[in-house]
Amino acid sequence: MITVQEHLSRIVESVQRLPPIGLDLLDAQGCVLAQDVTSEVSLPGFRNSAMDGYAVHAADLAAAGDAAPVVLPVAGDIAAGNTQTLSLAPGQSMRIMTGAPMPDGADAVVPVERTDGGLTRVVVSASVSVGQHVREAGEDVQAGDVVMSQGTRLGPRQIALLAAVGTGEVRVTPRPRVVVISTGDELIEPGTRPGFGQVVDSNGLMLTAAVRALGCIPFRVGCVRDDAQTFLSTIESQLRRADAVITTGGVSMGAYDTVKEVLSAVGTMRFDKVAMQPGMPQGFGVIGEGEIPVFTLPGNPVSALVSFEVFVAPALRLMAGRPQRETSMVSAVAAHDWAVPAGKVQYARVVLSHESSHEGLRHTAAIAGFQGSHALGSLAVANALAVIPAEVTSVRAGDQVSCHPLGPILEAS
Ligand code: AMP
Ligand code: MG
């Protein structure tokens with residue numbers, strides 16, 4: 001028996017960040033930059049108006065106020081998108097829209113609300129200070145600035161900045177392509193009602209969805225029978241398009257545990273018992289010329305999901321150039337007693353709820369229901385795994401337990 005940490009360390013040390021590729025900006029959503037991005041342009045690229053109003057010389061309005069309006073001739077009209085260089089003579093104004101280039105000479109904008117909105121002459125009932133409602137060129141980004149560093153993950157806001165400085169393609173660490181293979185003679189395709197002795201391949205869909213939710217690219221291979229030759233040829237053919245492979249089933253002590261039988265002598269594959277519940281039988285190694293990481297997870301659906309969270313997800317994040325962990329554990333109070341196994345880390349399906357008080361947010365963890373490693377009902381209800389260390393022999397109501405969120409949880413402040 002090895003520890004969870006031993007198995008995870010072996011995995012983490014065997015996987016590598018994928019080599020960078022060039023992608024169109026939108027296709028790079030969720031990827032990590034493999035280069036610094038330097039802007040060739042300034043933002044704003046030109047001096048422009050922050051308001052709909054009138055471009056003026058502030059000095060002309062020094063005396064303006066509600067009781068003493070100033071009248072200026074309107075010498076032009078500047079819309080956003082105007083590409084002409086205009087210039088404003090002293091004593092005059094130009095109507096200007098938000099984002100339109102400021103005419104040379106003008107040093108402020110009077111918002112339209114402080115005027116009568118005139119088209120040939122405008123009555124202004126407020127003074128403005130120099131620079132008011134003007135966006136200066138380069139006040140946001142200066143040409144030559146590094147606007148984004150290698151390692152930044154591209155979400156909507158990062159994509160906006162890169163687009164604004166004129167980026168079309170970026171060099172990023174690609175999303176890992178992950179092949180998901182389910183093994184078992186009892187398995188049938190989702191969408192069919194199982195007959196006696198049959199089980200729907202829920203693992204295949206669950207792990208495909210989990211890979212996608214992590215921001216990687218899944219390829220689901222349907223169910224493969226417990227036949228050494230079929231399994232071997234399937235995995236060989238899938239290796240070509242995979243950065244990683246996940247299999248489920250066939251790794252325990254049964255008579256038809258094909259995955260273990262076929263892969264035990266391949267690459268660096270090793271099959272271990274890991275001191276955890278659920279998820280004890282685990283296999284991992286890198287195989288083929290491409291040294292593709294292969295995770296052979298146990299077949300019980302909860303075991304497979306826990307194994308994905310604990311071993312596969314950290315590895316895929318590293319391959320994608322992301323940190324091994326991206327969410328912090330949530331500390332919660334056990335709502336009641338529950339039984340824990342001796343000498344193994346327990347991953348208990350729990351429902352985390354929170355209440356806020358003047359002391360901040362307090363999380364409570366309650367067992368999600370029946371905890372069998374085949375029980376999908378409680379898995380679907382749970383929003384976290386309470387991780388109970390191997391040396392802990394009991395959980396009592398009121399104990400602090402550390403929880404691994406299975407999705408967005410309001411962080412304790
Ligand atoms: P195994 O690890 O192959 O011994 O399978 C352990 C248990 O998980 C058995 O009850 C299987 O029927 C079940 N199981 C295996 N693969 C899947 C799958 N892809 N989807 C749902 N259940 C599965
Ligand atoms: Mg099986």
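Values in this document were obtained by computation on a predicted structure and should not be read as measured data. (Residues numbered from 1 in each chain as written. Chains lettered and ligands numbered in written order. Predicted model: local features only at pLDDT ≥ 70, side-chain atom pairs only at ≥ 80, totals over all residues. Heavy atoms only, no water.)

Describing the overall build of the chain
(1) Moving on: Scanning the chain for helices and strands turns up 7 helices and 28 strands.
(2) Moving on: Since a compact globule built from 413 residues should have a radius of gyration of about 22 Å, the 31 Å found for the chain marks it as more spread out than a globular shape.
(3) Moving on: The principal-axis extents of the C-alpha atoms in the chain amount to approximately 95 × 55 × 40 Å.
(4) Moving on: Evaluated residue by residue, the chain yields a buried proportion of 47% over its 413 residues.
(5) Moving on: A separation threshold of at least 6 residues defines the contact pool for the chain, and within that pool the share at least 24 residues apart is 71%.
(6) Moving on: Side-chain charges in the chain split into 28 positive and 40 negative, and the spacing between the mean points of these groups amounts to 6 Å. (Helix = DSSP H or I, 4+ residues; strand = E, 2+ residues; numbered from the N terminus. Rg over C-alpha atoms; globule rule 2.2 N^0.38 Å. Buried < 20%, exposed > 50% of the residue type's maximum accessible area, 1.4 Å probe, protein only. Contact = heavy atoms within 4.5 Å. Lys, Arg positive; Asp, Glu negative; His and termini not counted. Charge placed at Lys NZ, Arg CZ, Asp CG, Glu CD.)

Details of the pattern of salt bridges
Side chains that carry opposite charge are capable of pairing whenever their charged atoms lie near each other.
(1) Moving on: Using the criterion set out here, one finds 11 salt bridges in the structure.
(2) Moving on: Between R177 and D243 there is a salt bridge, with its nearest N and O atoms 3.0 Å apart. Of this pair, R177 sits in strand β13 (residues 177-183) while D243 sits in the loop between α4 (228-238) and β17 (244-248), and the two are 66 residues apart along the sequence.
(3) Moving on: Taking the relative accessible area as the measure of exposure, R177 reaches 31% and is therefore partly exposed.
(4) Moving on: The salt bridge involving D337 is made with R396; its shortest N-O contact spans 3.5 Å. (Salt bridge = Lys/Arg side-chain N within 4 Å of Asp/Glu carboxyl O.)

Considerations on the sheet that holds strand β12 (residues 169-173)
(1) Moving on: Judged by pairing direction, the sheet is antiparallel, and its 3 strands sit side by side in the order β1-β12-β2 without closing on themselves. Lying at the two open borders of the sheet, with one neighbouring strand each, are β1 (21-24) and β2 (32-33).
(2) Moving on: Across 4 bridges, β1 lies against β12 in antiparallel orientation. Bridge pairing in β12 links L23 to V170. (Pairing = 2+ DSSP bridges.)

What to know about the site of ligand 1
(1) Moving on: In the region of ligand 1, 16 residues are neighbours, and E186, D201, G250, G299 and N300 sit closest.
(2) Moving on: At a separation of 2.5 Å, an oxygen atom of ligand 1 approaches a polar side-chain atom of E186.
(3) Moving on: Between ligand 1 and the protein, one listed contact pairs a nitrogen atom with a side-chain N or O atom of D201 at 2.7 Å.
(4) Moving on: Across the complex, the protein chains shield 77% of the 490 Å² of accessible surface that ligand 1 would expose by itself.
(5) Moving on: The set of elements that each furnish at least two residues to the shell around ligand 1 consists of β13, β15 (199-200) and α3 (202-213).
(6) Moving on: Residues that form the shell around ligand 1 fall into these classes: 4 nonpolar, 10 polar and 2 charged. (Near = heavy atom within 4 Å. Polar contact = N/O pair within 3.5 Å; in protein donor to acceptor, adjacent residues only side chain to side chain. Areas by Shrake-Rupley, 256 points an atom, 1.4 Å probe, with all protein chains shown as cover. Nonpolar A, V, L, I, M, F, W, Y, C, P; charged D, E, K, R; others polar.)

Concerning the domain arrangement of the chain
(1) Moving on: As assigned here, the chain comprises domain 1 (4-16 + 176-319), domain 2 (21-43 + 148-173), domain 3 (48-135) and domain 4 (330-411).
(2) Moving on: A C-alpha centroid distance of 37 Å is found between domain 2 and domain 3. (Domains from an automatic or database assignment.)

Remarks on the packing of aromatic side chains
(1) Moving on: Considering all chains together, one arrives at 1 aromatic pair under this definition.
(2) Moving on: Aromatic pair F284 and F295: ring centres 5.1 Å apart, planes at 50°, arrangement tilted. Residue F284 is located in strand β20 (residues 281-287), and its partner F295 is located in strand β21 (residues 292-297); the two are separated by 11 residues in the primary sequence. (Phe/Tyr/Trp six-rings, centres within 6.5 Å; stacked < 30°, edge-to-face > 60°.)

Observations regarding the side chain of S39
(1) Moving on: Of note, S39 is situated in the loop between β3 (37-38) and β4 (48-49).
(2) Moving on: In this structure, S39 is in contact with V141, A143, G144, D145, V147 and V165, ignoring residues within four places of it in sequence.

Structural notes on the nonpolar core
(1) Moving on: Grouped together as the largest cluster of nonpolar side chains are 39 residues, with contacts concentrated most on V4, I246, F295, F308, F311, L316 and Y347.
(2) Moving on: Ranked by residue count, the leading element in this core is helix α6 (residues 301-319), at 12 residues.
(3) Moving on: Counting contributing residues, this core receives three or more from each of domain 1 (4-16 + 176-319) and domain 4 (330-411).
(4) Moving on: Once residues within four sequence positions are removed from consideration, F295 is found in contact with I11, A244, V245, I246, T247, G283, F284, F311, V312 and A315. (Core = buried A, V, L, I, M, F, W, Y, C linked by side-chain atoms within 4.5 Å.)

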